[in-house]
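As a plain string of letters, each chain reads:
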Amino acid sequence: MIHLQRNGTQTKATEAWSSNRLRLHNGNAMCVGGTLYFTSGGKGSQAILSAVDAASGNIYWQERSIQKATFVWADGKLITLDQDGYLMLANPSQKEFKVVAKSKLLENLSWTPPVLVGTKLYLRDRKTVMAVELG
């Protein structure tokens, strides 16, 4: 984790923490209330959904059932798309990743983070682009 500090036109970067147990593997990370949610892993290893304290790097939990996920934060929910094309609505916390709704919408590898414009969510996999109305 890198801490950026700006002073006028100058920016100073310092390492806040590092971990050999965490590696942003795919997609994006989402910071919600000081907790980072992201898929951790590496080439050749199983990806693990992780919740990590952004300030210290302490791992709150890791969940193997959701691999290579991407995220959008909206209306107090974490909109999550996994690599298998499942769209999930989740209430994440430092204790758990509680999925409140789940639907398979895409059929091919889905590694691109969803994009939310107003109440319309845009999703894509390697062959399909779709828009889903969430309003």
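Scroll up for the structure.
What counts and what doesn't
- Residues numbered from 1 in each chain as written.
- Predicted model: local features only at pLDDT ≥ 70, side-chain atom pairs only at ≥ 80, totals over all residues.
- Heavy atoms only, no water.
- Helix = DSSP H or I, 4+ residues; strand = E, 2+ residues; numbered from the N terminus.
- Buried < 20%, exposed > 50% of the residue type's maximum accessible area, 1.4 Å probe, protein only.
- Polar contact = N/O pair within 3.5 Å; in protein donor to acceptor, adjacent residues only side chain to side chain.
- Contact = heavy atoms within 4.5 Å.
- Patch = residues over 30% accessible without salt bridge, like charges linked within 9 Å, V, L, I, M, F, W, Y side chains within 5 Å.
- Areas by Shrake-Rupley, 256 points an atom, 1.4 Å probe, with all protein chains shown as cover.
- Salt bridge = Lys/Arg side-chain N within 4 Å of Asp/Glu carboxyl O.
- Pairing = 2+ DSSP bridges.
- Axes fitted to C-alpha atoms, helices over the stretch in contact; angles between N-to-C directions.

Participant: Got a minute to help me understand the side chain of Gln83 in this structure?
Facilitator: With respect to the secondary-structure elements, Gln83 resides in the loop between strand 8 (77-82) and strand 9 (86-92). The class of Gln83 is buried, set by a relative accessible area of 14%. Within polar-contact distance, the side chain of Gln83 engages the side chain of Trp111 at 3.4 Å. Sequence-distant contacts of Gln83, defined by excluding residues within four places in its chain, comprise Gln67, Lys68, Asn108, Leu109, Ser110 and Trp111.

Participant: Honestly, unusual backbone geometry in this entry has me stumped. Any pointers?
Facilitator: The phi angle of most residues is negative, glycine excepted, and most peptide bonds adopt the trans form. Even without glycine at this site, Lys68 takes up a positive phi of about 45 degrees. With respect to the helices, strands and loops of the structure, Lys68 is situated in the loop between strand 6 (59-63) and strand 7 (69-74). In the Ramachandran plot, Asp75 falls in the positive-phi region, its phi being about 55 degrees despite a non-glycine side chain. Here Asp75 shows up in the loop between strand 7 and strand 8.

Participant: I keep staring at a nonpolar patch on the surface and nothing clicks. Help me out?
Facilitator: A surface patch of nonpolar side chains, amounting to about 260 Å² of accessible area, comprises Val115, Val117 and Tyr122. Here Val117 lies in strand 11 (residues 115-117). A relative accessible area of 52% places Val117 in the exposed class.

Participant: Is there a simple way to explain the sheet that holds strand 5 (residues 48-53) in this structure?
Facilitator: In spatial order, the strands read 3-4-5-6; together these 4 strands make up an open sheet with antiparallel pairing. Since the sheet does not close on itself, it has two edges, and those belong to strand 3 (24-32) and strand 6, each with one partner. Here the average twist between neighbouring strands, direction ignored, is 15 degrees. As judged from the 6 bridges shared by strand 4 (residues 35-40) and strand 5, these two strands associate in the antiparallel manner. Within strand 5, the position partnered with Thr39 by the bridge is Leu49.

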